[in-house]
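# Descriptive structure summary
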Amino acid sequence: MSFESLTPSLADKPRARLANLPTPLEFAARLSARLGGPRIWLKRDDLTGLAFGGNKTRKLEFLIGAARAEGATHVLTFGAVQSNHVRQTAAAAAKVGLACEAILSEVVPIESAAYRRSGNLQLDRLLGARCWFVSDASAAQAQANQRVSALESQGARVYVIPVGGSTALGALGYVEAGCELVAQMAGAALSPATIMHASSSGGTQAGMAVALDLAEPELRLVGVNAYQHDVTALKADVERLATATASLLGVAFAGSIEIDHTQFGSGYGIPTHACVEAIRLVAETEGVLLDPVYSGKAMAALIARARGGMWRSDDDVVFIHTGGAPSLPAYVDEIEALGGL
Ligand SMILES: *Cc1c(COP(=O)(O)O)cnc(C)c1O
């Protein structure tokens, strides 16, 4: 099957309209000049629009669509204390009138008052999510099972959304984003050398990879690991998810998955010097805010490649800005300590 057949197969799925689409593709003139090239383009998925936006909103269009089609009264999802996914899920649930339960794992070793109160957590609470705190992934599953039984015994129907919304259904949001980006690149007469973005639960990269594999198989897509110590495990997860996503659309996935592990630092949710430098550079040159957990690390990888002479100065490189800036206030102490203020 062809790339053109993707759009009609996407249109078959139940859908909640949550995002402002298409998001802009903007040329980052001052950032590109500051680095001496390549020509950097920002795909602004931080501007999807729902409660400060971000990449999860695209996945949630399909996931919330399925929840409503199944007659759910509640959604339940998972994340770290400063999860962007939980914030966007809470907002999506509020918008369509579903109750939201959030199981938040205290997996990031940051204990500051800001981390424990502000940023995404403050927003989850304002958006009406009921938050449950647990120590790790297995405790999160146990708590989820308990909440689902308790709610169902009261007559509720709970639609469970895994970490990051990264099911094959959720990843369809990024197949569509891939189609959207291909059309925008053609419109701007770009043939980029590389597309880069942050990768964690894998749905963004899997969906993009499925679309690009059919439309532009020569194009290089690089996910920057912000999540797993074991980079081979992340690659295998994304490959599995890309295969499942493609089969949901009746196509085969024949592409390969590339992960950059250079910016991982000491762990998930822990910013690095290079990440904070990238956040400052993009803020000062473009007036665009990246985040300390994902997009800052992904931009640090792009900057390291640019400085390492990987591209010609007139090559085009697309950076997918996946959002995340609402966590900046929660990281005020860490960013200050790394020289960001
Ligand atoms: C969740 C998230 C990512 C990673 O997307 P996945 O689809 O989970 O791999 C990247 N950036 C931000 C800001 C995120 O919140």
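Note that the structure is predicted; figures quoted are calculated from it, not measured.

Cut-offs applied
- Residues numbered from 1 in each chain as written.
- Predicted model: local features only at pLDDT ≥ 70, side-chain atom pairs only at ≥ 80, totals over all residues.
- Heavy atoms only, no water.
- Phe/Tyr/Trp six-rings, centres within 6.5 Å; stacked < 30°, edge-to-face > 60°.
- Helix = DSSP H or I, 4+ residues; strand = E, 2+ residues; numbered from the N terminus.
- Buried < 20%, exposed > 50% of the residue type's maximum accessible area, 1.4 Å probe, protein only.
- Lys NZ or Arg CZ within 6 Å of the ring centre and 35° of its normal.
- Near = heavy atom within 4 Å.
- Polar contact = N/O pair within 3.5 Å; in protein donor to acceptor, adjacent residues only side chain to side chain.
- Areas by Shrake-Rupley, 256 points an atom, 1.4 Å probe, with all protein chains shown as cover.
- Contact = heavy atoms within 4.5 Å.
- Axes fitted to C-alpha atoms, helices over the stretch in contact; angles between N-to-C directions.
- Parallel < 35°, antiparallel > 145°, perpendicular 65-115°, else oblique.
- Nonpolar A, V, L, I, M, F, W, Y, C, P; charged D, E, K, R; others polar.
- Pairing = 2+ DSSP bridges.

According to the stated counting rule, one finds four aromatic pairs in the structure shown. Ring geometry for phenylalanine 27 against tryptophan 41: centres 5.1 Å apart, planes inclined by 45 degrees, an arrangement best described as tilted. Pair noted here: phenylalanine 27 is in strand 1 (residues 25–27) and tryptophan 41 is in strand 2 (residues 39–44), with a separation of 14 residues, a long-range link. Judged by relative accessible area, which is 32%, phenylalanine 27 ranks as partly exposed. A connected cluster of aromatic rings, assembled from ring pairs, spans Tyr227, Tyr268 and Tyr294. Above the plane of the ring of phenylalanine 133 lies arginine 116, whose end atom (NZ or CZ) is 5.5 Å from the centre.

In the vicinity of the ligand lie 17 residues, with Lys56, Lys59, Ser201, Thr204 and Thr322 positioned nearest. A distance of 3.3 Å separates an oxygen atom of the ligand from a polar atom in the backbone of glycine 203. Threonine 204 has a polar side-chain atom sitting 2.7 Å from an oxygen atom of the ligand. Burial of the ligand by the surrounding chains reaches 99%, relative to a free accessible area of 380 Å². Sorting the residues of the shell around the ligand by element identifies helix 3 (56–69), strand 7 (194–199) and helix 9 (203–215) as the ones contributing at least two each.

Glancing now at the environment of alanine 28. Positionally, alanine 28 belongs in the loop between strand 1 and helix 2 (29–35). Taking relative accessible area as the criterion, alanine 28 reaches 0% and is therefore assigned buried. With 257 residues separating them along the chain, alanine 28 and threonine 285 place their C-alpha atoms 8.3 Å apart. Leaving out residues up to four positions away in the same chain, alanine 28 has contacts with Ile40, Leu42 and Glu286.

The next point concerns the packing of helix 8 (residues 168–187) against helix 10 (residues 231–248). Direction vectors running N to C along helix 8 and helix 10 enclose 80 degrees, while the axes themselves pass 9 Å from each other. Comparing the axis directions of helix 8 and helix 10 gives the class roughly perpendicular. Of the residues in helix 10, those touching helix 8 at Ala168, Leu169, Ala171, Leu172 and Val175 are Leu241, Ala244, Thr245 and Leu248. Along the lines of polarity and charge, the residues of the contact of helix 8 with helix 10 split into eight nonpolar, one polar and no charged.

With respect to topology, four strands assemble into an open sheet ordered 5-4-3-6, the strand pairing being parallel. Of all the strands in the sheet, just strand 5 (130–134) and strand 6 (158–161) have a single pairing partner and so form its edges. Along the sheet, successive strands turn relative to each other by an average axial angle of 20 degrees, direction set aside. Judged from the seven bridges that link them, strand 3 (residues 74–80) and strand 4 (residues 99–105) form a sheet pairing that is parallel. From the neighbouring strand, glycine 79 faces strand 4, where its bridge partner is leucine 104. Strands in contact with helix 7 (residues 137–153) are strand 3, strand 4, strand 5 and strand 6; relative to strand 4, the strand with the most contacts, it is inclined by about 160 degrees.

With that settled, consider the pairing of strand 10 (residues 316–321). Counting buried residues along strand 10, six of its six residues qualify, which places the element largely inside the surrounding structure. With burial as the criterion, each face of strand 10 is covered, one bearing Asp316, Val318 and Ile320 and the other bearing Val317, Phe319 and His321. Sheet analysis places strand 2 next to strand 10, joined by six bridges and oriented parallel. In the sheet register, arginine 39 faces strand 10, and the bridge partner there is aspartate 316. When strand 7 meets strand 10, the two strands line up parallel, connected through three bridges. For methionine 196, the partnering residue across the bridge sits in strand 10 and is phenylalanine 319.

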